[in-house]
Amino acid sequence: MLMDSFGRAHTYLRISLTERCNLRCQYCMPAEGVELSPSTQLLSQDEIIRLANLFVSSGVEKIRLTGGEPTIRKDIEDICLRLSKLKGLKTLAMTTNGIVLAKKLPKLKACGLNYVNISLDTLLPAKFEFMTRRKGHEKVMQSIDAAVDLGFNPVKVNCVVMRGLNDDEICDFVELTRDKPINVRFIEFMPFDGNVWNVKKLVPYAEMMDKVVNQFIRVKRLQDHPSDTAKNFRIDGHCGSISFITSMTVHFCAGCNRLRILADGNFKVCLFGPSEVSLRDPLRSGVDDSGLKEIIRATVKRKKAAHAGMFDIANTANRPMVHIGG
């Protein structure tokens with residue numbers, strides 16, 4: 001098991017497949033985009049599978065594919081198929097913006113994809129274009145419906161809430177859960193390089209929750225798993241559920257079981273920590289599996305008890321979210 005010095009077992013690995021994205025969401029990157037790593041510096045399919053196998057054989061049970069936008073990687077189906085065959089892996093998930101997901105999802109499911117998170121920050125097409133600097137709202141809605149129709153349960157919808165942009169739509173998003181097995185996940189706005197984070201844009205969990213309970217009756221807290229990042233709720237009479245990701249105001253570091261491999265092969269043990277260790281370089285220089293596992297274990301051991309406060313995070317150099325992986 002990949003244990004840190006605080007007794008946390010790490011069973012969840014997020015792998016970014018690409019730094020590229022077909023949207024330009026305001027909370028993810030600056031309007032001019034970001035400098036991308038040369039393709040030769042990104043992990044190949046074989047390298048991804050080899051590293052994933054090392055983590056799974058060390059106790060990882062869940063892998064989530066992220067980006068950038070993972071569905072724009074041409075070998076995404078092959079990657080899913082090979083990962084799904086790793087002995088010991090129980091869950092293969094993906095976070096996507098949904099732009100091209102609808103047409104790819106049947107094949108991805110056949111290749112072993114178990115769960116899908118679809119990012120959507122507004123239900124209004126014009127506002128979608130403003131927030132993402134691209135068109136595509138209808139395609140995302142079609143992807144959500146396609147995931148429901150294909151039996152994904154729940155279909156998770158990630159909504160980053162920002163004051164003055166989409167905080168007036170919280171209850172409209174809750175309505176998505178009334179008749180469909182959708183889990184809307186409201187995410188506090190987090191600081192990353194290039195996204196012009198400001199505490200005035202942050203809508204705290206408590207404020208979001210007040211909006212919900214003021215409009216919906218019988219909002220019931222569900223039992224959360226100790227490693228959950230989300231605080232989960234169900235509204236009586238609704239098919240789906242809602243959750244709140246409270247990274248800024250109520251952190252959940254004590255139960256963190258997550259690790260990250262970036263598209264360039266760098267290894268991060270904390271989303272908000274600037275520290276990264278390259279796995280690509282030793283892999284390409286001929287280090288064997290035993291040596292790579294030792295690098296991984298040593299890095300996990302150095303994981304801190306908790307991330308810094310939101311104001312310290314905002315002033316700490318970190319990569320843009322599109323580089324780190326959603």
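A few points on the structure.

When helices and strands are tallied, the protein shows 11 helices and 12 strands. In summary, the protein has a C-alpha radius of gyration of 19 Å against a globular reference of 20 Å for 326 residues, a match within 12%. By the burial criterion, 58% of the 326 residues in the protein qualify as buried. Partitioning the intrachain contacts of the protein with sequence separation of at least 6 by distance along the chain shows that 73% fall at a separation of at least 24. For the protein, the distance from the average site of its 47 positive side-chain charges to the average site of its 36 negative ones is 3 Å.

All right, on to the pairing of strand β4 (residues 115-119) then. Look at any regular strand and the pattern is simple: side chains alternate between the two faces of the sheet. Where burial is concerned, most of β4 is hidden: 4 out of the 5 residues are buried. Note that the unit made of strand β3 (residues 91-96), helix α3 (residues 101-110) and β4 has a crossover that is right-handed. Here β4 pairs with strand β5 (residues 155-161) via 3 bridges, running parallel. Paired with isoleucine 118 across the bridge in β5 is valine 157.

With that settled, consider the sheet that holds strand β12 (residues 277-278). Here 12 strands make up an open sheet; going across it, the order is β7-β8-β9-β6-β5-β4-β3-β2-β1-β10-β11-β12 and the pairing mixed. Whereas interior strands pair on both sides, the edge strands pair on one side only; in this sheet they are β7 (219-221) and β12. As judged from the 7 bridges shared by β5 and strand β6 (residues 182-188), these two strands associate in the parallel manner. From the neighbouring strand, asparagine 158 faces β6, where its bridge partner is arginine 185.

Below, the discussion takes up unusual backbone geometry. Note that the residue after glycine 67, namely glycine 68, is joined by a cis bond; omega there is 20°. Along the polypeptide, glycine 68 turns up in the loop between β2 (62-66) and α2 (76-84). In this chain, asparagine 153 is followed by proline 154 through a cis amide linkage whose omega measures 0°. Its location among the elements puts proline 154 in the loop between α5 (137-149) and β5. Look at arginine 133: it is not a glycine, yet its phi comes out positive at around 60°. Here arginine 133 is to be found in the loop between α4 (125-132) and α5. Judged by its relative accessible area of 27%, arginine 133 is partly exposed. Phi is positive for arginine 218, which is not a glycine, with a value near 55°.

Core analysis: the biggest nonpolar cluster contains 88 residues, and Phe55, Ile63, Leu65, Leu83, Phe186, Phe244 and Phe267 have the highest contact counts within it. A total of 7 residues in this core trace back to one element, the largest contributor, which is helix α1 (residues 45-56). Contacts of phenylalanine 267, omitting those with residues within four sequence positions, involve Phe55, Leu259, Arg260, Ile261, Ser275, Glu276, Val277, Leu279, Ile296, Thr299 and Val300.

Secondary-structure assignment places serine 243 in strand β9 (residues 241-245). On the basis of relative accessible area, serine 243 is assigned to the buried category, the value being 1%. Here asparagine 232 takes part through its side chain, which lies 2.5 Å from a polar atom of the side chain of serine 243. Serine 243 has contacts with Asn183, Val184, Arg185, Phe186, Ala230, Lys231 and Asn232, leaving out every residue within four places of it along the chain.

Before going further, it helps to spend a moment on the packing of aromatic side chains. Scanning the model with the defined rule gives 5 aromatic pairs in all. Plain terms: the ring middles of phenylalanine 55 and phenylalanine 267 are 5.4 Å apart, the flat faces sit at 70° to each other, and that makes the pair edge-to-face. Of this pair, phenylalanine 55 sits in helix α1 while phenylalanine 267 sits in strand β11 (residues 266-268), placing them 212 residues apart in sequence. Grouping residues by exposure puts phenylalanine 55 and phenylalanine 267 together as buried.

A few words now on the side chain of lysine 156. Structurally, lysine 156 is set in strand β5. Aspartate 228 provides the closest opposite charge to the buried, unpaired lysine 156, separated from it by 6.9 Å. Ignoring any residue separated from it by four or fewer positions in sequence, one finds lysine 156 in contact with Val116, Asn117, Ile118, Asn183 and Arg185.

In this model α1 runs 16 Å from its N-terminal to its C-terminal C-alpha over 12 residues, within 8% of the 16 Å that 1.5 Å per residue would give. By the criterion of burial, α1 is predominantly enclosed, with 9 of the 12 residues buried. The complete set of buried residues in α1 reads Gln45, Glu47, Ile48, Ile49, Leu51, Ala52, Leu54, Phe55 and Val56.

Okay, the pairing of β2 next. Among the 5 residues of β2, 4 are classified as buried, and the element is accordingly described as predominantly covered. Summarising the sheet, strand β1 (residues 12-16) and β2 pair through 5 bridges and their orientation is parallel. Residue pairing for β2: arginine 14 is matched across the bridge by arginine 64. Summarising the sheet, β2 and β3 pair through 4 bridges and their orientation is parallel. Bridge pairing links arginine 64 to alanine 93 in β3. Tracing the backbone out of β2, into α2 and back to the parallel element β3 gives a crossover that is right-handed.

The rules behind these values
Residues numbered from 1 in each chain as written. Predicted model: local features only at pLDDT ≥ 70, side-chain atom pairs only at ≥ 80, totals over all residues. Heavy atoms only, no water. Helix = DSSP H or I, 4+ residues; strand = E, 2+ residues; numbered from the N terminus. Rg over C-alpha atoms; globule rule 2.2 N^0.38 Å. Buried < 20%, exposed > 50% of the residue type's maximum accessible area, 1.4 Å probe, protein only. Contact = heavy atoms within 4.5 Å. Lys, Arg positive; Asp, Glu negative; His and termini not counted. Charge placed at Lys NZ, Arg CZ, Asp CG, Glu CD. Right-handed = clockwise from strand over helix to strand, strands pointing away. Pairing = 2+ DSSP bridges. Core = buried A, V, L, I, M, F, W, Y, C linked by side-chain atoms within 4.5 Å. Polar contact = N/O pair within 3.5 Å; in protein donor to acceptor, adjacent residues only side chain to side chain. Phe/Tyr/Trp six-rings, centres within 6.5 Å; stacked < 30°, edge-to-face > 60°. Salt bridge = Lys/Arg side-chain N within 4 Å of Asp/Glu carboxyl O. Expected span 1.5 Å × (residues − 1).

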